[in-house]
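As a plain string of letters, each chain reads:
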Amino acid sequence: MSKAQISAKLFITLILFWMLLNGTFALDSFIVGVGASLIIVYFFRDSLSFLSEFRFTPQALMATLSYVAFFLKELVKSNLRLARIVLEPDLPINPGIVKVRTKLKSRMGRLLLANSITLTPGTLTIELEDEWLYIHWVTLESADIEGATQAIVEGFERHLEVMYG
Amino acid sequence: MQAMLDILGGLVLVSGTVFLLLGALGLNRMPDIFNRIQAGTKTTTLGTMLTLAGIGLMQPDWSMKLLLIGLFMLFTNPLSSQVLARAAHRGGARKTPETEVDRYAEDHGDPS
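Right, let's walk through the structure included here. Residue positions are given per chain, counting from 1 as you read along its sequence in written order. Following the order in which they are written, the chains are lettered starting with A and the ligands numbered starting with 1. With the structure being a predicted model, the display of local features is reserved for residues of pLDDT at least 70 and the display and counting of side-chain atom pairs for 80 or more, all residues being used for whole-chain, interface and lining totals. The basis for the side-chain values is all heavy atoms of the structure; hydrogens and waters are excluded.

Let's talk about unusual backbone geometry
For step 1, the next point in the chain: A positive phi angle, near 50 degrees, is found at L91(A), a position not held by glycine.
For step 2, the next point in the chain: Whether a residue is buried, partly exposed or exposed follows from its accessible area with a 1.4 Å probe, protein chains only, as a fraction of its type maximum: under 20%, in between, or over 50%, in that order. Since its relative accessible area comes to 13%, L91(A) is described here as buried.

Laid out in structure tokens, this is it:
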């Protein structure tokens with residue numbers, strides 16, 4: 001993807017946020033938003049935004065919806081599990097830091113994967129290094145790479161693979 | 001209609017604060033910084049989102065802004081936790097003796 005395309009996508013993301021945040025289509029606020037967005041794009045054109053590396057295909061949009069649904073389900077599950085651990089008198093934890101591997105190639109896909117893992121049952125991403133992720137696990141189930149990858153990564157990877165590759 | 005939304009919003013808001021309370025309890029009870037961060041991140045994310053949703057039901061005009069605040073939380077909360085956890089590990093923070101395995105220390109050395 002070219003530099004101009006990346007900048008354009010970042011600009012669109014920013015202006016969309018600005019419009020939603022203002023909740024108005026008045027011309028003066030729109031002009032201010034364009035000015036502010038242009039300045040931000042100038043300084044941060046090399047960084048990531050939601051749309052950079054996103055594949056605009058019907059499959060990717062469907063995958064986004066199922067990803068969001070899956071994510072919210074996992075978030076609620078992780079909170080309930082944590083609530084149970086915290087409320088139990090003997091605090092049943094067996095923590096460990098495991099290493100897992102992702103198939104995702106794009107930077108944004110990996111970032112979303114790392115973020116999702118942090119918000120799902122008992123896992124916290126400590127470091128993201130190329131294709132390797134180091135994950136702190138409150139209730140360790142498998143210490144080897146394959147087992148941990150299967151338990152932690154694969155649910156999200158299925159969706160993110162279609163969205164970002 | 002709005003009265004019903006108010007009641008529903010109130011219930012959602014209270015459920016959000018329950019999760020925040022459990023998170024605080026987790027922060028207190030967990031044995032080391034990594035487990036504490038786990039307790040903090042998950043509960044503050046869901047707790048804050050439920051709180052925002054409750055406010056959205058009570059004040060439907062604000063829902064778009066609340067949604068954006070929720071999105072912002074969703075993206076910044078796990079990132080800051082990850083950076084904190086990594087900094088703690090590099091700084092040699094004490095791990096609870098219950099910790100069974102540490103692949104990060106195996107690959108990067110353990111300063112603690």
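As for the sheet that holds strand 3 (residues 132-137) of chain A
Residues and elements named next belong to chain A.
For step 1, the next point in the chain: Strand pairing is assigned whenever DSSP identifies at least 2 bridges connecting the two strands. Secondary structure counts use DSSP, requiring at least four H or I residues in a row for a helix and at least two E residues in a row for a strand, with both numbered from the N terminus. Taken in spatial order, the three strands line up as 1-3-2 in an open sheet, and their pairing is antiparallel. Because the sheet does not close on itself, it has two edges, and the strands there are strand 1 (96-101) and strand 2 (123-129). Across this sheet, the average inter-strand angle for adjacent strands is 25 degrees, counted without regard to direction.
For step 2, the next point in the chain: Relative to strand 3, strand 1 is paired through six bridges, and the arrangement is antiparallel. Note on strand 3: the bridge partner recorded for V98 is I135.
For step 3, the next point in the chain: Two residues form a contact once any of their heavy atoms are found within 4.5 Å. Lines are fitted to the C-alpha atoms to define the axes, a helix being fitted only along its stretch in contact, and any angle between axes, read from their N-to-C directions, falls within 0 to 180 degrees. Lying over the sheet, helix 4 (residues 107-118) contacts strand 2 and strand 3, oriented at roughly 155 degrees with respect to strand 2.

Here we look at the packing of aromatic side chains
Residue and element names in this part refer to chain A.
For step 1, the next point in the chain: Working definition: rings of Phe, Tyr and Trp (its six-membered ring) pair if their centres are within 6.5 Å, and the pair is stacked with planes under 30 degrees apart, edge-to-face with planes over 60 apart, and tilted otherwise. Following the criterion strictly, the structure yields five aromatic pairs over all chains and no others.
For step 2, the next point in the chain: Relative to F43, the ring of Y42 has its centre 5.3 Å away and its plane inclined at 80 degrees; by these criteria the two rings are edge-to-face.
For step 3, the next point in the chain: Ring pairs connect the aromatic residues Y67, F70, F71 and F156, which therefore count as one cluster.
For step 4, the next point in the chain: Above the plane of the ring of W132 lies K99, whose end atom (NZ or CZ) is 4.5 Å from the centre. The rule for a charge over a ring is simple: NZ of Lys or CZ of Arg within 6 Å of the ring centre, and within 35 degrees of the ring normal.

Side note on the nonpolar core
The nonpolar side chains of a soluble globular protein tend to be buried, and buried together.
For step 1, the next point in the chain: V98(A), L113(A) and L160(A) are the most contacted members of the largest nonpolar core, which totals 33 residues.
For step 2, the next point in the chain: Counting only elements with at least two residues in this core, the list comes to helix 3 (58-87), strand 1, helix 4, strand 3 and helix 5 (145-163) of chain A together with helix 1 (2-29) of chain B.
For step 3, the next point in the chain: In terms of residues, this core owes the most to one element, helix 3 of chain A, which gives seven residues.
For step 4, the next point in the chain: Core analysis: the next-biggest nonpolar cluster, separate from the first, contains nine residues, I126(A), Y134(A), F34(B) and A85(B) among them. The definition of a nonpolar core used throughout is a set of buried Ala, Val, Leu, Ile, Met, Phe, Trp, Tyr and Cys residues joined through side-chain atoms within 4.5 Å.

Some thoughts on the packing of helix 3 of chain A against helix 1 of chain B
For step 1, the next point in the chain: The geometry of helix 3 of chain A relative to helix 1 of chain B is characterised by a closest axis approach of 9 Å and an angle of 50 degrees between their N-to-C directions. As judged from the angle between their axes, helix 3 of chain A and helix 1 of chain B are oblique. Remark: the crossing between helix 3 of chain A and helix 1 of chain B carries left-handed chirality. Contacts between helix 3 of chain A and helix 1 of chain B involve N79(A), L80(A), A83(A), I85(A), V86(A) and L87(A) from the first element and F19(B), L22(B), L25(B), G26(B) and R29(B) from the second.
For step 2, the next point in the chain: Residues were grouped as follows: Ala, Val, Leu, Ile, Met, Phe, Trp, Tyr, Cys and Pro as nonpolar; Asp, Glu, Lys and Arg as charged; and all remaining residues, including Gly, as polar. Here the contact of helix 3 of chain A with helix 1 of chain B is composed, by residue class, of eight nonpolar, two polar and one charged. With respect to orientation, any angle under 35 degrees is reported as roughly parallel, any angle over 145 as roughly antiparallel, any angle of 65 to 115 as roughly perpendicular, and every other angle as oblique. Helix crossings get a hand from a simple test, with the near helix turned counterclockwise from the far one by less than a right angle marking a left-handed crossing and a clockwise turn marking a right-handed one.

Notes on the interface of chain A and chain B
For step 1, the next point in the chain: Across the boundary between the two partners, chain A contributes 47 residues, which contact 43 residues of chain B.
For step 2, the next point in the chain: When chain A packs against chain B, the two sides together hide about 3900 Å² of surface, and 69% of this comes from carbon and sulfur.
For step 3, the next point in the chain: The term salt bridge refers to a pairing of a side-chain nitrogen on Lys or Arg with a carboxyl oxygen on Asp or Glu at a separation within 4 Å. Taken together, the links from chain A to chain B amount to two salt bridges.
For step 4, the next point in the chain: Two N or O atoms form a polar contact when they lie within 3.5 Å of each other; inside protein one atom must be a possible hydrogen donor and the other a possible acceptor, and for residues adjacent in sequence the pair counts only when both atoms belong to side chains. Inspection of the region where chain A meets chain B yields 13 residue pairs in polar contact (both at pLDDT 80 or more).
For step 5, the next point in the chain: Only helix 1 (3-22), helix 3, strand 1, helix 4, strand 2 and strand 3 of chain A provide two or more residues apiece to the side of chain A that touches chain B.
For step 6, the next point in the chain: Considering each element in turn, the side of chain A that touches chain B owes the most residues, twelve residues, to helix 3 of chain A.
For step 7, the next point in the chain: For the side of chain A that touches chain B, a count of residues per class yields 30 nonpolar, eleven polar and six charged. Defined here as a combined quantity, buried area equals the accessible surface (1.4 Å probe) lost by two parts on assembly, summed across both.

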